Amino acid sequence: MPSVMICSLVTVVAAGIVGYARLPPASARAGNCEAVEQREPLRGKADRAGILIGTAVRPGQLSEAAYAATLAREYNLVEPEDALKWEVLHPRRDLFDFSDADRILSFARLHGIKVRGHTLVWTHQNPPWLVNNRFSEAELLSILHEHISKVMEHYRGRIFAWDVVNEAVDETGNLRSSLWYDQPGIGLAQKGTAYIEQALRWAREADPDALLFYNDGGGEVVNRKSDAVYSMLIDFRRRNIPIDGVGLQMHLGLDADVTSIARNIQRFSDAGFQVHITEADVAVAVDHNRRILDPGDLDRQSRIYEAVLSACLSQRRCTVFQTWGFTDKYSWINSTSRGIKGAALFFDAQYRPKPAYTAAQRVLSRAVNCR
Ligand code: XIL
């Protein structure tokens, strides 16, 4: 008797598995796209939609209860906003200070959150010892090699993707002058993208499992800058230079051309590159108390977030949607706009969700069953 029962149970289970295996893939099932509970936090939906939903974070704010709770509840990805930049991480030539970034990584580990790295080669936020010392090209070459190796080895297995090079291309599509390129550079000035290639090779050596990105802003739409970045990445792949994808910063205003942004995401994805939206925010006009001047801007802002997140979710290789902070209490927009813009993120200064947040929930809910 018991053996018959076991046998029939096995049959039922096996039939169930066969039945399940014959179902069409989730993306092909029609009419089921809205079936997900909309009020669930973003990260659960993002997990099931196959995308990472991220935010830049600052270590000092992790001790604020509402900041930490919102972050842990909503996000499955974080990126240190400044803590992995040279001026913080490498304050003296002979000193690496991982403490700020390590605090963020501990928080991430505790809450099952992935981490993106930003950034190894950039002309800004470098420490005075590096900028003011008039190093020779040969010295800079060895300083950069050491930095990339030490930092990536320290975080090996814990940071899954790196912005190896940030903002190397100008608005006309030419290479910007920079410490690493030609002021004085690492010995590859006037050799086009050779210094970027060198950095990518060192990065691959330091952590062969990390995904390597070129990250920039101003090339979100199809324009001269994004054309140049696109050609550079195609050229790198043709010559076996290690590169996995492009980071599109996505610092936007209410005038963003979302159709062109969608076309740009699509062309990188179609060419086989991963696309990470790395620093999204949508700035609106505010008064000197940081209050929104026109309340209608909140809906306009939510429609831009909705369009960009939808464009990302519609491309298989767009795998990260990250904002540059999550609460309007802390956002670089206020300082960079000298107080005239702000309110650019998903949560207001009291951590209340804004229409942009609800739009992201809606888009992710649809994507769970339709991506
Ligand atoms: C910004 C940070 O948000 C600020 O805290 C810091 O003072 C300046 O840098 N593009 C980038 C980011 O790649 O690193 C910048 O972050 C914003 C623009």
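Above this text is the structure in question.
Presented here is an overview of the structure given in this document. (Residues numbered from 1 in each chain as written. Predicted model: local features only at pLDDT ≥ 70, side-chain atom pairs only at ≥ 80, totals over all residues. Heavy atoms only, no water.)

Turning our eyes to something else, we now look at the site of the ligand. In the region of the ligand, 14 residues are neighbours, and Glu81, Asp82, Lys85, His118 and Trp324 sit closest. Side-chain polar atom of Glu81 to an oxygen atom of the ligand: 2.5 Å apart, as the coordinates give it. Here an oxygen atom of the ligand and a side-chain polar atom of His118 are 2.7 Å apart. Considered class by class, the residues forming the shell around the ligand number three nonpolar, five polar and six charged. (Near = heavy atom within 4 Å. Polar contact = N/O pair within 3.5 Å; in protein donor to acceptor, adjacent residues only side chain to side chain. Nonpolar A, V, L, I, M, F, W, Y, C, P; charged D, E, K, R; others polar.)

Moving on, we get to the state of the cysteines. The tally for this structure, following the rule as stated, stands at one disulfide. Disulfide pairing is shown between Cys312 and Cys318; the S-S distance is 2.1 Å. Since a negative S-S torsion denotes a left-handed disulfide, the Cys312-Cys318 link at about -100° is left-handed. Overall, Cys312 belongs to the buried group, its relative accessible area being 0%. Judged by relative accessible area, Cys318 falls into the buried class, the value being 0%. (Disulfide = S-S within 2.5 Å. Buried < 20%, exposed > 50% of the residue type's maximum accessible area, 1.4 Å probe, protein only.)

Of all eight residues that make up helix H2 (residues 42–49), six are buried, and the element is covered over most of its length. Burial in H2 covers these residues: Leu42, Arg43, Gly44, Lys45, Ala46 and Ala49. Packed against the buried residues of H2 are strand E1 (52–57), helix H3 (65–74), helix H11 (297–313) and helix H13 (355–370). Looking one or two residues beyond H2, the residue adopting positive phi is Gly50, at roughly 75°. (Helix = DSSP H or I, 4+ residues; strand = E, 2+ residues; numbered from the N terminus. Contact = heavy atoms within 4.5 Å.)

As a further point, take the packing of helix H10 (residues 258–270) against H11. Their axes nearest at 9 Å, the elements H10 and H11 cross at an angle of 20°. One finds that H10 runs roughly parallel with respect to H11. Between H10 and H11 the crossing geometry is right-handed. Contacts from Val258, Ile261, Ala262 and Ile265 in H10 reach Ile304, Ala307, Val308, Ala311 and Cys312 in H11. Here the residues of the contact of H10 with H11 sort into nine nonpolar, no polar and no charged. (Axes fitted to C-alpha atoms, helices over the stretch in contact; angles between N-to-C directions. Parallel < 35°, antiparallel > 145°, perpendicular 65-115°, else oblique. Left-handed = near helix turned anticlockwise from the far one by under 90°.)

A few words on the packing of aromatic side chains. When we look at a pair of aromatic rings, we describe it by the centre distance and by the angle of the planes. Going through the model one piece at a time under the given rule, you end up with 15 aromatic pairs. Ring geometry for Tyr75 against Phe326: centres 5.7 Å apart, planes inclined by 45°, an arrangement best described as tilted. A residue pair is termed long-range when its members are at least 10 positions apart, and Tyr75 in the loop between H3 and strand E2 (77–80) and Phe326 in the loop between strand E9 (318–323) and helix H12 (332–336) qualify at 251 residues. Overall, Tyr75 belongs to the buried group, its relative accessible area being 0%. (Phe/Tyr/Trp six-rings, centres within 6.5 Å; stacked < 30°, edge-to-face > 60°.)

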